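Chains, contacts and geometry: an overview
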Amino acid sequence: MSVSGLCEVCQRPAVDHTCDRCGNLVCDRHFDARREICSECVTQIEGGDPADPTGTGDDMPDGVDIYRF
Ligand SMILES: [Zn+2]
Ligand SMILES: [Zn+2]
């Protein structure tokens, strides 16, 4: 509840999370609760559009990561 500032991705004044990877303050839309990282880091890890978190993998099966290695 002490977090204050703007979302680093969309600039909304309603940040609820801090990225565990880069430290960005981000809103709920731009935070991956499963990994505890922001959507920009998800993009860097998985590829995709940081402005479209719904397209970064939520529709993908969990096993898809296996085939990247
Ligand atoms: Zn945001
Ligand atoms: Zn991040």
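Above this text is the structure in question.
Here we summarise the structure given alongside this text. (Residues numbered from 1 in each chain as written. Chains lettered and ligands numbered in written order. Predicted model: local features only at pLDDT ≥ 70, side-chain atom pairs only at ≥ 80, totals over all residues. Heavy atoms only, no water.)

**Some thoughts on the nonpolar core**
Membership of the largest hydrophobic core is limited to 10 residues, which are Cys7, Val15, Cys19, Val26, Cys27, Phe31, Ile37, Cys38, Cys41 and Val42. Looking at this core, the elements with two or more residues in it are strand 4 (37-38) and helix 1 (39-46). For Phe31, the residues in contact, after removing those within four places along its chain, are His17, Thr18, Cys19, Val26, Glu36, Ile37 and Cys38. (Core = buried A, V, L, I, M, F, W, Y, C linked by side-chain atoms within 4.5 Å. Buried < 20%, exposed > 50% of the residue type's maximum accessible area, 1.4 Å probe, protein only. Helix = DSSP H or I, 4+ residues; strand = E, 2+ residues; numbered from the N terminus. Contact = heavy atoms within 4.5 Å.)

**Some thoughts on the coordination of the zinc ion (ligand 1)**
Binding of the zinc ion (ligand 1) to the protein goes through Cys7 (SG), Cys10 (SG), Cys27 (SG) and His30 (ND1), at separations of 1.9 to 2.4 Å. The coordination sphere of the zinc ion (ligand 1) comprises four donor atoms, whose angles at the metal cover 101 to 117°; the geometry is tetrahedral. (Donors = N, O, S within 2.8 Å, 3.2 Å for Na, K, Ca; no water. Tetrahedral: all angles 85-135°; square planar, octahedral: opposite > 155°, others 65-115°.)

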